[in-house]
Amino acid sequence: MALNKEQMLDLYRQMRTIREFEETVAKFFSQGQIPGFVHLYIGEEAVATGVCANLEKQDYIASTHRGHGHGIARGASINKMMAEIFGKIDGECKGKGGSMHIADVELGFLGANGIVGAGMPLATGAAFAAKYMKTNGVAICFFGDAASNRGTFHESLNMASIQKLPVIFVNENNMYGISMSQERHQNITDIADRAGSYGMPSMVVDGNDVMAVYEAAEEAVKRARAGGGPVLIECKTYRHHGHFEGDPCVYRSDEEVNAWKAKDPLPRFTNRLQEMNMATEAEINQIDTEVKKVIADAVEFAQNSPVPTLDELTSDVYCA
Amino acid sequence: MAEMTYSQAINEALEEEMHRDEKVYILGEDVGAFGGCFGVTTGLLEKFGGERVLDAPISETAIMGSAVGAAVAGLRPVPEIMFADFVGVCLDELINQAAKMHYMFGGKAKVPLTLRMACGAGLGAAAQHSQSLEAMMCHVPGLKVVMPATAADAKGLLKSAIRDDNPVVFLEHKALYGVIGEVPDGEYMIPLGKADIKREGKDVTILAYSMMLHKALGSAETLALDGIEAEVIDPRTLVPFDKETLYKSIEKTGRLVIVHEAVKQGGFGGEIAAMVAEECFDFLDAPIKRVAAPFTPIPFAANLEAAYIPDEAKIIAAVKSFF
């Protein structure tokens, strides 16, 4: 389905928001204002954006430890996400989850996850619930190349395929599992090849081309909603930063990093928009300015928010 | 009142809750047409159909994990892991996902699932099919842990567990499945976190659960012949634990013996003993005793297995050491 100008600019705004958010988190993390660990999505924005642009209110996504981009693309509050990362009471999770456990279940964001590969069974279950309750919903599971080696991958794809569930497994192949390059951690290049083992269709797309991701996801979502069962979409992409902020990245060459930065999804898309006469440089700059303000406001919101009160330590262990 | 086996009581609880709430469903290995490896889910597939009673492939990770995802998305799953010993295959899904989501997400998600597992020794199933692993579950904040000893308790507690909005681990002793008990008619529910005084007495408190509850009651009969009246308390729920009932009993008797089939070292009895020593010390007239299995895997040879499982003789000896 062709997108109009407004929709195209929305895709750009979404990617720019993720980029600006992550670069801001990097900055404050390096200043020691953010506790714990952060795993940034810089470079992969087209995947979350292209996929989530196809989703409706009743749909679910399951995310990873690199989940800020997924949350933003699903529509989570920028302010509350920033506050959560800062560990404040006004965060999405009252400061009790942090970067790796940000979630907004009501928005269909089943959460970032600190356990690699944990999202696949969760998304399979959410898809089961959608089918059971006839909500017409789908579930998306984002997961990495290294995560595809976990048992959760095999059990989830197998179960989703025999139960014919409306779940789309979106593999973000950024070629590394921390320091292990893909050629060292698996004997295949295209993770999509594994889908055949479960009788499941698959697609391989350029994960740095937001339109390609959008179109692939559109097809998969449509198929799943119509009862066609699960699909595996492999998005080839790359993370500009290390696995975590502070990662010395000794396992990647500068040549490789620069080669991928040259394929940065954001300038690729803005160039395309301008070539297609869908947007002017001024319009793009306007979006950039607006996004900067949104992020700056989020930082102010986060910094002004208080830390959780001590009673929050012992609350929410159980539901009443 | 009706007489039925522990297994039938569980079956009734499942059937009643599935009738009451269409969001309740069952997922496990061989639970459908086969009726479950112990026959507990017999007849449910015929009554509710294949969309609500699902046979799963051998995929404990996906069984448990999909139950968590479905629960967060609004259903009330009752997944089954055939033997408690298999929980290792899905520990992440239980302890890192199910148990923690409500807290990590700031109270905004709930995981209303009930995980059923068969535990316990005595059938010669040996090391990897006989364990009582409740101590591990009790160590994870966010989980509730229930271990019924009788048919009535099994029915009443399972119904409450299914209606509870928290993840509940429901441990059924496999050697109890055939044991008949009286179950009240009608809508019968037992609240979680409430112990039951199964026998009143004044001389010693015996706290025992699951299969050991029956050994404790048998021991109490024998002790009575020697003039020792034991009060037998069945906690029924381990987490949350009913301290009040136990402490009131200790106040009365001054002596405590804890009995569980699980290994003594690191067992839940140690937690109970420490709790009592910290909070109830003034009422103790003697040190706390624990009767539990030795620190070994469960052996296969019948005579070794019999030596492994705590028996009435060991319970009686522990009590008599006070007098």
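Residues numbered from 1 in each chain as written. Chains lettered and ligands numbered in written order. Predicted model: local features only at pLDDT ≥ 70, side-chain atom pairs only at ≥ 80, totals over all residues. Heavy atoms only, no water.

Student: In this structure, what is going on with the overall build of chain B? I would like to understand it.
Tutor: Within chain B one finds 12 helices and 14 strands. Taken over C-alpha atoms, the radius of gyration comes to 19 Å for chain B, in line with the 20 Å a tight globule of 323 residues would show. Of all 323 residues assigned to chain B, the portion counted as buried reaches 61%. Intrachain contacts of chain B at a sequence separation of at least 6 include 82% that bridge at least 24 residues. Surface exposure of chain B reaches about 11600 Å², of which carbon and sulfur atoms provide 55%. When the 29 basic and 45 acidic side-chain charges of chain B are each reduced to a single mean position, those positions are 4 Å apart. (Helix = DSSP H or I, 4+ residues; strand = E, 2+ residues; numbered from the N terminus. Rg over C-alpha atoms; globule rule 2.2 N^0.38 Å. Buried < 20%, exposed > 50% of the residue type's maximum accessible area, 1.4 Å probe, protein only. Contact = heavy atoms within 4.5 Å. Areas by Shrake-Rupley, 256 points an atom, 1.4 Å probe, with all protein chains shown as cover. Lys, Arg positive; Asp, Glu negative; His and termini not counted. Charge placed at Lys NZ, Arg CZ, Asp CG, Glu CD.)

Student: Could you clarify how one ought to interpret the overall build of chain A in this entry?
Tutor: A tally of regular secondary structure across chain A gives 12 helices and 7 strands. At 19 Å, chain A has a C-alpha radius of gyration in line with the 20 Å of a compact globule built from 320 residues. Considering only C-alpha atoms, chain A reaches an extent of 55 × 50 × 40 Å along its principal axes. Out of the 320 residues belonging to chain A, those deemed buried represent 60%.

Student: Got a minute to help me understand helix α10 (residues 265-275) of chain A in this structure?
Tutor: Count 3.6 residues to each turn of an α-helix, and residues three or four apart come out pointing the same way. All names here are of chain A. Those residues of α10 that sit buried are Pro 265, Leu 266, Phe 269, Thr 270 and Leu 273. Looking down the long axis of α10, one finds its buried residues gathered within 125° of arc, a one-sided arrangement. For α10, the N-terminal capping position is held by Asp 264, with its side-chain oxygen 2.9 Å away from the main-chain nitrogen of Leu 266. One or two steps after α10, the chain reaches Asn 277, where phi turns positive at roughly 55°. (Arc of directions from axis to C-beta. Polar contact = N/O pair within 3.5 Å; in protein donor to acceptor, adjacent residues only side chain to side chain.)

Student: Is there a simple way to think about the side chain of B:Lys174 in this case?
Tutor: Residues and elements named next belong to chain B. With respect to the element layout, Lys 174 can be found in the loop between β7 (168-173) and β8 (180-183). One buried charge, Lys 174, has no salt-bridge partner; the nearest side chain with opposite charge is Asp 85, at 4.8 Å. A polar side-chain atom of Lys 174 sits 2.8 Å from the main-chain carbonyl oxygen of His 129. (Salt bridge = Lys/Arg side-chain N within 4 Å of Asp/Glu carboxyl O.)

Student: Help me out: how do you make sense of the interface of chain B and chain A in this one?
Tutor: Accessible area lost during the coming together of the parts is what is often quoted as the interface size. Taken together, the contact between chain B and chain A spans 46 residues of the former and 39 residues of the latter. Here chain B packs against chain A, burying approximately 3300 Å² in sum over the two surfaces, 65% of which is carbon and sulfur. Broken down residue by residue, the surface that chain B buries against chain A is led by B:Tyr103, B:Phe105 and B:Lys108, which jointly contribute 20%. Taken together, chain B and chain A are joined by 1 salt bridge. (Buried area = accessible area lost by both parts, 1.4 Å probe.)

Student: Which parts of the structure should I look at to understand the sheet that holds strand β2 (residues 139-144) of chain A?
Tutor: Paired through backbone hydrogen bonds, the strands of a sheet run either parallel or antiparallel to each other. All names here are of chain A. With parallel pairing, 5 strands are arranged side by side in an open sheet as β1-β2-β3-β7-β6. Across the chains shown, the open sheet's two edge strands, defined by having one partner strand only, are β1 (60-62) and β6 (202-206). Taking the axes of each pair of neighbouring strands and ignoring which way they run, one obtains an average angle of 20° across the sheet. Of the pairings in the sheet, the one linking β2 to strand β3 (residues 167-173) comprises 6 bridges and is parallel in character. In the strand pairing of β3, Cys 141 is matched with Phe 169. (Pairing = 2+ DSSP bridges. Axes fitted to C-alpha atoms, helices over the stretch in contact; angles between N-to-C directions.)

Student: Help me understand the packing of helix α4 (residues 78-86) of chain A against helix α11 (residues 281-304) of chain A, please; the structure alone is not making it clear to me.
Tutor: The relative placement of two packed helices is expressed as an angle between their axes plus a distance between the axes. Residue and element names in this part refer to chain A. Between α4 and α11, the shortest axis-to-axis distance is 8 Å and the interhelical angle comes to 45°. As the angle between them shows, α4 and α11 are arranged oblique. Between α4 and α11 lies a crossing of right-handed hand. Where α4 abuts α11, its residues Ile 78, Asn 79, Lys 80, Met 82, Ala 83 and Phe 86 lie against Val 294, Ile 295, Asp 297, Ala 298, Val 299, Phe 301, Ala 302 and Gln 303. For the contact of α4 with α11, the per-class residue count stands at 10 nonpolar, 2 polar and 2 charged. (Parallel < 35°, antiparallel > 145°, perpendicular 65-115°, else oblique. Left-handed = near helix turned anticlockwise from the far one by under 90°. Nonpolar A, V, L, I, M, F, W, Y, C, P; charged D, E, K, R; others polar.)

Student: Is there a simple way to think about the pattern of salt bridges in this case?
Tutor: Side-chain pairs of opposite charge can arise whenever the charged atoms involved come near each other. Residues and elements named next belong to chain A. On inspection of all chains with the given rule, the structure shows 43 salt bridges over all chains. Across the salt bridge formed by Asp 316 and Lys 96, the nearest N and O atoms sit 3.0 Å from each other. Placement of the pair is Asp 316 in the segment after α12 (311-314) and Lys 96 in the loop between α4 and α5 (119-132), with a sequence separation of 220 residues. Looking at Lys 96, the relative accessible area reads 14%, which means it is buried. Residue Arg 268 is joined to Asp 206 by a salt bridge in which the shortest nitrogen-to-oxygen separation is 2.8 Å. Within this pair, whereas Arg 268 is found in helix α10, its partner Asp 206 is found in strand β6, the two being separated by 62 residues in sequence.

Student: Would you explain the packing of helix α1 (residues 5-30) of chain A against α11(A) in this entry?
Tutor: Residues and elements named next belong to chain A. With their axes 9 Å apart at the nearest point, α1 and α11 run at an angle of 40° to one another. Put simply, α1 runs oblique to α11. Crossing of α1 against α11: the hand is right-handed. Facing Lys 5, Leu 9, Tyr 12, Arg 13, Arg 16, Thr 17, Glu 20, Phe 21, Thr 24 and Phe 28 of α1, the residues of α11 in contact are Glu 283, Ile 284, Ile 287, Asp 288, Glu 290, Val 291, Lys 292, Ile 295, Val 299 and Gln 303. Its residues placed into classes, the contact of α1 with α11 shows 9 nonpolar, 3 polar and 8 charged.

So yeah, pure geometry; function would need other evidence.
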